[in-house]
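Chain by chain, the residues run as shown.
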Amino acid sequence: MHALEAGAAARSAPRPASGRALRRAKAAGRLAARGRPGFRAAAAQTGFAYDPGQRQARAVLEERLPPHLHGWYLWGPVGRGKTHLAQLLFDTLPTDRRVRFHFHDFFRDLHAEITRTRQPVREAIARTLRSARAVMFDEFHVHDVADASFLTSTLRVLEENGTLLIATSNYAPEALLPNPLFHEHALPAIALLTRGLRIVEVPAGPDHREDLHRDLREERHAQPHSGLHGGEHAPPVPSFSSGSWRVIDPEEPAAASGPFPPDTFTFHELCERPVGPHQYLALAERLAAVRVVEVPDLARAERDPLQRFATLVDVLHDRQVPLHVTSSAAPDRMLSAAEPPLDAARTVSRLRSLRRRGRMVSMTAPQHPASPDQPAPSPTPAPPLTAAQIVAHIRFVQPGIDKTSALMLLYFVSGWLEAWHEAPVVDSRFEAWEYGPTDPQAHAEFSSTFPQRLKRGDEDAEVMLTLEVDAVIRWGLGEAAGLRTAAPSSVLIGRARATSAYAETVARADEPPAFASGPDIPPGLLRDCFRELARAVPTGEADGPERPAAEALAEHRRQVQARSLRNQLAERFDTGPGLSPA
């Protein structure tokens, strides 16, 4: 054996398990044995038709653990049900002292604990694991030398404490940290895994993740969402696969430029800059959904941006945060890149679960074809605001507002802003439902819309637009009339149903509106309705919000300047908390 190889082998050899560790491994085995009947029952009741490879792995998990082992390591190709089986096993363990980590989360938490306490690594690991009797690591992988060192220490702590460990991975233990330049740094961790865990391979087979997500999408499409006051069907639970992958034609002109909504980022911002898992985890915790636009053909992307994009997908998938992508090509193109990212097959498998929205033209394209004797209309920019932005802003300025009231306010904001600007301002679409005019998409996504103030630029027109939105909301809630409490939803429903756009749509329909569906309200009818109201408000013939004037913008500027001055004074003169004696 070469001297260097011999040295590496000596360094990788794990220390023999102590008698204390073996006794604690038996305790982990007893915990696993108590959970085995529950696992068998749960696996039999899932309704899934396990294929031969999955049945083989399931049979191993139902066996008693040998006394010197303290867990399982499931590995195999993507979409083979590893996480499904591991989660069933983990959930049926009879203990409350258990914790599940995605590997990105674990290393983020561990690094934060080390930085915060400046204590030895083993103590930081113990605090991160929270004295758990059972730990599950999903998507177990090692691509970083420093993480290999932390992983070795973590596995030693788990073994010495007799913690039951369940891990899933796309890699066999010996294939961790596959880069030959650094693989030797993973050898101690590999030795601990093979010595202390039952290695369970889930053989290659069909990618069931695609079938599962297709079935879920079909089920969501077949079942109507619940009504605003409850109903037979529960609203869909937000998940990664409820996102979408939209392919646009690269030959079409780009959409009108402007500030993006707070949940929307360009590929350059998220993947072509030095952004890492910690920032992606922060986004997943803060946002109800993430939208990535201007994504290039992934086959032509460079290695580092591709790897960051794959990491982003991993984080959002684990947190079940919907991902909406606008790209010039399909996600499968990632596999054709000159240097595909690590775990590219897993990333593509997850991206295939997103709803495909075909090849679409840019939103700046003409909406209607021109007739032969009529010139084609010039392209018009897309509305600058989305329904989701308005609903998020409503939930921010009126915490706890019910869904009915929020959706009625969305209707009024859309109508009044279009009347004031003589053009659509909010990208919304309304149907005449039984209780009132409703945007179906805003209704379906209400529970996953995070309360967030409308963020616009600092230009006068953008600030004025926000002031106009606030003016409509205040009017709708009764603040303009001096009410001490917000108007109840019944008042908003009555106002909305009384508008001619809703009433005429219902009158023209062949059938009356249903509880959670109804005929489309024509955009032209909505526009004419609110323009007529806008003309009648100044004369007192109709009730409506007062459009903010230039004085409102000037007052807003003064308030912003005053707040800035107060903050500067506070930073200059506030000494902060008192200093305790040394």
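Model, not experiment: these values are computed from the prediction. (Residues numbered from 1 in each chain as written. Predicted model: local features only at pLDDT ≥ 70, side-chain atom pairs only at ≥ 80, totals over all residues. Heavy atoms only, no water.)

What the protein contains, in helices and strands, is 21 helices and 14 strands. Looking at the protein as a whole, 45% of its 582 residues qualify as buried. A sequence separation of at least 24 residues applies to 80% of the contacts in the protein between residues at least 6 apart. Carbon and sulfur atoms make up 53% of the accessible area of the protein, which totals about 29700 Å². (Helix = DSSP H or I, 4+ residues; strand = E, 2+ residues; numbered from the N terminus. Buried < 20%, exposed > 50% of the residue type's maximum accessible area, 1.4 Å probe, protein only. Contact = heavy atoms within 4.5 Å. Areas by Shrake-Rupley, 256 points an atom, 1.4 Å probe, with all protein chains shown as cover.)

This part is about the pattern of salt bridges. Here the structure, examined in full by the defined rule, presents 26 salt bridges. Between Arg 100 and Asp 138 there is a salt bridge, with its nearest N and O atoms 3.0 Å apart. Of this pair, Arg 100 sits in strand S2 (residues 98-102) while Asp 138 sits in strand S3 (residues 134-138), and the two are 38 residues apart along the sequence. Look at Arg 100 and you get partly exposed, because its relative accessible area is 32%. (Salt bridge = Lys/Arg side-chain N within 4 Å of Asp/Glu carboxyl O.)

This brings us to the nonpolar core. By size, the foremost hydrophobic cluster in this structure holds 43 residues, and its most contacted members are Leu 385, Phe 412 and Leu 417. Residue assignment for this core shows that the elements contributing at least two residues are helix H14 (387-397), helix H15 (403-421), helix H17 (460-477), helix H18 (489-498), helix H19 (500-508) and helix H20 (523-536). (Core = buried A, V, L, I, M, F, W, Y, C linked by side-chain atoms within 4.5 Å.)

The subject of this paragraph is the packing of aromatic side chains. One pass over the full model with this rule turns up 17 aromatic pairs. Seen in terms of ring centroids, Trp 416 and Trp 420 are 6.1 Å apart; in terms of plane orientation they differ by 40°. Their pairing is tilted. Pair noted here: Trp 416 and Trp 420 are both in helix H15, with a separation of 4 residues, about one helical turn. By the burial criterion, Trp 416 is buried, and Trp 420 matches it. In this structure, Arg 98 packs its charged tip against the face of Phe 90, placed 5.6 Å from the ring centre. The ring of Phe 446 has Arg 395 sitting right over it, with the charged end atom 4.2 Å from the ring centre. (Phe/Tyr/Trp six-rings, centres within 6.5 Å; stacked < 30°, edge-to-face > 60°. Lys NZ or Arg CZ within 6 Å of the ring centre and 35° of its normal.)

As a further point, take helix H6 (residues 121-129). Among all positions in H6, only Ala 124, Ile 125, Thr 128 and Leu 129 are buried. For H6, the angular spread of buried residues about the axis comes to 130°, placing them on one side. Elements in contact with the buried residues of H6: S2, helix H5 (103-117), S3 and helix H7 (145-161). Backbone geometry just after H6 places Arg 130 at a positive phi near 60°. (Arc of directions from axis to C-beta.)

Our focus in this paragraph is the side chain of Ser 169. The residue Ser 169 is located in strand S4 (residues 164-169) in this model. In this structure Ser 169 comes out as buried when scored by relative accessible area, which is 1%.

Right, let's talk about the sheet that holds S2 for a bit. Reading across the sheet, the 5 strands line up as S2-S3-S4-S1-S5 and stay open at both edges, with parallel pairing between neighbours. The sheet is open, and its two edges are formed by S2 and strand S5 (198-201), each paired on a single side. Across the sheet, the axes of successive neighbouring strands diverge by a mean angle of 15°, strand direction being ignored. Both strand S1 (residues 71-75) and S5 contribute to a ladder of 4 bridges, which runs parallel. When the bridges of S5 are listed, Trp 72 appears paired with Arg 198. (Pairing = 2+ DSSP bridges. Axes fitted to C-alpha atoms, helices over the stretch in contact; angles between N-to-C directions.)

The next subject is the environment of Pro 52. By secondary structure assignment, the location of Pro 52 is in helix H3 (residues 52-62). Note on Pro 52: relative accessible area 58%, which makes it exposed. Distance in space between the C-alpha atoms of Pro 52 and Val 202 is 9.6 Å, their sequence separation being 150 residues.

Moving on to the environment of Gly 415. Among the structural elements, Gly 415 can be located in helix H15. Residue Gly 415 is classed as buried on the basis of its relative accessible area of 3%. Gly 415 sits 118 residues away from Leu 533 along the chain, and the two C-alpha atoms are 9.8 Å apart.

To continue, consider the confidence of the model for the protein. Low pLDDT means the predicted coordinates in that region are not meant to be read closely. The pLDDT averaged across the protein works out to 79; a share of 77% of its residues lies at or above 70. Taken as a whole, residues 253-258 scores under 50 in pLDDT and shows 8 contacts with residues more than four places along the chain or in a different chain. In this model, residues 358-382 is a region of pLDDT below 50 whose contacts with residues beyond four sequence positions or in other chains number 33 contacts. (pLDDT = per-residue confidence, 0-100.)

The next thing to look at is H19. Two residues of an α-helix separated by three or four positions point the same way, owing to the 3.6 residues in each turn. By the burial criterion, the buried members of H19 are Ala 501, Tyr 502 and Thr 505. Summarising the axial view, the buried residues of H19 lie within an arc of 95°, below the 170-degree limit, and thus occupy one face. Each element contacted by the buried residues of H19 is listed here: H15, strand S13 (431-432), strand S14 (437-438), H18 and H20.

So, about empty space enclosed by the protein. Taken as a whole, this structure holds 2 cavities of 30 Å³ or more when the rule is applied. Here the largest cavity is characterised by a volume of approximately 40 Å³. Taken together, His 70, Leu 155, Leu 158, Glu 159, Leu 165, Leu 192, Leu 193 and Leu 197 make up the lining of the largest cavity. Residue assignment for the lining of the largest cavity shows that the elements contributing at least two residues are H7 and helix H8 (187-196). The element contributing the most residues to the lining of the largest cavity is H7, with 3 residues. Counted by class, the lining of the largest cavity contains 6 nonpolar, 1 polar and 1 charged residues. The wall of the second largest cavity is formed by Ala 32, Arg 36, Phe 39, Leu 61, Glu 63, Trp 72 and Leu 89. (1 Å grid on protein atoms, 1.4 Å probe; cavity = no way out; pocket = protein on both sides within 12 Å on 5 of 7 lines; lining within 4 Å. Points joined across faces, edges and corners; volume = space filled by probe spheres on them. Nonpolar A, V, L, I, M, F, W, Y, C, P; charged D, E, K, R; others polar.)

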